[in-house]
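Close look at the chain arrangement
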Amino acid sequence: MRAAFFIGGLICAAVPLAGSELAAGWTALTNYRAAQALKVFDPASTSADPAVAREARFGRGVALLDLQPVTPAQIEEARGLFAGLVDSGADDAAAGARFFLGRIAQHHQAKPDAAEAARQFRQLIAEHEQSVWAQTALSRLALLELYELNPAEPPAARVAAAEKLLAHAHTPSAESQLHLAIANAIFYHRLPAGGALPHLLAAERLGRMDWIARGETLMEIAELSRLAGERAQAAKFYRLFLAENPRDLRHYIAKERLAEMEK
Amino acid sequence: MKLTGKRIGFALLGAAYLISVFLVARRSVEEVTSDRVTIRISQWQLEGGVREAIDAIIHRYEQLNPRVHVVQLAVPGGTTYLPWIQSQMVGGVGPDIVEYSWPWPDTARNFAPITAEVMQPNPYDRGTPLEGLPWRDTFVDGMTSPDNYVQALSQYYGVSMSTGIHRIVYNRQLVRTITGRDTAPRNYREFLALCEEISAYAKAHGLKLAPLANSRTTHISLTSEVIGNTTTRLAARVDFAHRLKLEPLDLAIAYVRGEWSYDSPELVASFQVLKEFGNECTPGFLQLERESALMDFVAGRAAMVVAPSWESSSLLQICPFELGAFRFPTPREDDPVYGKFTQGPFSEGQITTGMPFYLNRHTAHRAEALDFLRFLGSYEGSTIFTRVSSWLPVVVGVKPSDFSAQFAIQADGYNWYGGFLAPSNHGDCQNFWLSELYTLWGSGGSADKFRRALREGMGVPIRDGLRRDVMAGLENVRREDGAAAAAMELAPPASRPEVLRLVTIGNETNLYQARDVLTLAPPMR
């Protein structure tokens, strides 16, 4: 028993130690200092602790995507590292690696590959649906559905495909981002704007938006409610907008429309 | 020892060296031995009064915070400042606070966002009418200017010090002599009538006198305002996202899709208003610099002048006559010709605040630099700045000084943000229409020729702008992916975010929309 506690204690002590080893690398990356991050990740990638080694390899892959100047060879190396992690485990590093395999295909490689990005994201959602990586990937997969995957499909069908992803969203942030992406696509594709209203209302209810996005959403809800004849709802959101954005340049027109709704 | 010229030269050189060593050593020793923190602030506004205004703010701040010493680095603008600050930042020796601008490179890498801070009250506003308000809401525009809220990064970065508003300034004495009254025209028709009276007077008396002095630079913001005000109904029609606001990207997408064009009746009407306005200006003003326009006005060769607010204090000093000022009266709904196209009143809210200060991401004195930044953007800081520089304030409630009060922003009214002459996040569209103004105001120019020039040529810079939006969007996404993953890895397991903080979904959406609309065939020429 004593030995078990001893070993347990060692493991517990080792976890923060491993974290602190790599924390400097991640901190450097938050400051966009990829070269500095590599100096931390590279020695740790051969650590005796497999978890530390895997996280370090993952860190190297991420750093390579931001090491200036980014070259195609670097991106290929990162892809190889991520593929290796995906093939050799099912831990958080593997989920993160799968996410970055999708992101490389989506945005990092010189010629984007929407189909490959979508394939990686779908597999990530299938394998690690509850993970932060999959929850993040949902809205990015939605963008692929809404704009690039099936350009021959009518916009309404693309919106419907994106709406199906809502079933996989398990956090308010992921769900809110999906609703916002869909509402924006409805406007962009010039579908009947009223279709965006339920998505915007859902996003507002879920919260998690930054201040600017929230301001825009409040105004969009107010305007679409006014156009739909939902006077009370429109008035509520004009009021909210005005209260939260006292210096916004739209205050004059918002006040004018609020007065119209309250007649 | 004989005192030769050579020896004197060596002695002077030696003395200079020793003085330099002493000065450098004293500063280093002071930094090491004193707990006083020195922060540096760089800026490029070398106009009269501005350096003095910053010095006055520093003086007051150091009284309040004796532990902090602030050094102002005033560096010439133009082609000097940007390379200088870039080399400083790359070398890791950049000032703690930097005057910067959002279109310049590497904002995210070099500067720290202040989003969390602007949502909180500014402690230096305690005891003022702004106490308790989020710092953001203490600025006249709610910090919505592109230099404050950097849209591509979805973060607040800059704290502005001033803004520029233009007015038509007039020579009261001369106008009174010509018309028997010295009040400002109340509407567009009265403005045209005033110009006609001035021209008739000049002709009758054989004078070289134009109604309005103007220049190739001072007309730009006025021209944009005329276009914006005359097209409010068109703006409402192309607001497909129902935000009561048009971003340049919205306008570019709608343009490429053929949802508006330079043949739109509202735009044709606005070009006609511009043509009429140009007819009243000094002949050949498109070739004149602003100094020439001022000279014409001061010398009595023009009864009015288009003047930006930062000229207001100079005008008072150099004009030997009484001045009046008014906002250009764009036609309103009751105008017999243009009324049907527009809906007012018009807000001047689409102000672009300027002289923004950014916080160095890698400063060794973040707390002190942020604190000084708060003082700069406080009620007291802005009051000092306005009093000493005579520039317009951007903090709510701070009164402009003397004559510049006539340049105070009129914020109430309709404003759709986006300008139909600048449907792009990049400068190419503006460069294009500026280069085509001769078709409007040049010899033989007309509103119709200008319309045709824009219709023929504007598509190219709009599409170029979209392509650059895509490239910039990709750069943002790529850069933030790594930082977001890193931030997530650093978060304690119990407080991990629900999703990674990538670029916002809105910004990534913009990238897709710009790329998608570029796949549409260009309209037929």
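This write-up is about the structure you can find in this document. (Residues numbered from 1 in each chain as written. Chains lettered and ligands numbered in written order. Predicted model: local features only at pLDDT ≥ 70, side-chain atom pairs only at ≥ 80, totals over all residues. Heavy atoms only, no water.)

1. Describing a nonpolar patch on the surface
- On the surface, Tyr17(B), Leu18(B) and Val21(B) cluster together to form a nonpolar patch covering roughly 340 Å² of accessible area.
- With respect to the secondary-structure elements, Val21(B) resides in helix α1 (residues 5-33). (Patch = residues over 30% accessible without salt bridge, like charges linked within 9 Å, V, L, I, M, F, W, Y side chains within 5 Å. Areas by Shrake-Rupley, 256 points an atom, 1.4 Å probe, with all protein chains shown as cover. Salt bridge = Lys/Arg side-chain N within 4 Å of Asp/Glu carboxyl O. Helix = DSSP H or I, 4+ residues; strand = E, 2+ residues; numbered from the N terminus.)

2. Concerning the side chain of Asn184(A)
- Structurally, Asn184(A) can be placed in helix α9 (residues 172-188).
- Side chain to side chain, Asn184(A) and Arg243(B) meet in a polar contact 3.4 Å long.
- Once residues within four sequence positions are removed from consideration, Asn184(A) is found in contact with Tyr147(A), Arg243(B), Thr509(B) and Gln513(B). (Polar contact = N/O pair within 3.5 Å; in protein donor to acceptor, adjacent residues only side chain to side chain. Contact = heavy atoms within 4.5 Å.)

3. With respect to the nonpolar core
- If you look at the biggest cluster of nonpolar residues, it comprises 167 residues, and the most contacted ones within it are Phe82(A), Trp133(A), Trp260(B), Met304(B) and Phe420(B).
- In this structure, Met304(B) is in contact with Ile168(B), Val169(B), Tyr170(B), Phe191(B), Leu194(B), Cys195(B), Ile198(B), Pro211(B), Leu212(B), Ala213(B), Phe297(B) and Phe326(B), ignoring residues within four places of it in sequence.
- With 40 residues, the next largest nonpolar core counts Val50(B), Met143(B), Leu376(B) and Val395(B) among its residues. (Core = buried A, V, L, I, M, F, W, Y, C linked by side-chain atoms within 4.5 Å. Buried < 20%, exposed > 50% of the residue type's maximum accessible area, 1.4 Å probe, protein only.)

4. Regarding the pattern of salt bridges
- Here the structure, examined in full by the defined rule, presents 51 salt bridges over all chains.
- The shortest N-O distance in the salt bridge between Asp66(A) and Arg109(B) comes to 3.0 Å. Linking Asp66(A) in the loop between α3 (50-64) and α4 (72-87) with Arg109(B) in helix α4 (residues 107-110), this pair reaches from one chain into another.
- Looking at Arg109(B), the relative accessible area reads 19%, which means it is buried.
- Among the ionic pairs, Arg79(A) bridges to Glu76(A), the shortest N-O distance being 2.7 Å. You can see Arg79(A) and its partner Glu76(A) sitting in helix α4, three residues apart, about one turn around the helix.
- By relative accessible area, Arg79(A) is classed as partly exposed at 24%.
- Judged by relative accessible area, Glu76(A) falls into the partly exposed class, the value being 44%.
- In this structure, a network of salt bridges that share partners links the residues Glu216(A), Asp248(A), Arg250(A), Lys245(B) and Glu247(B).

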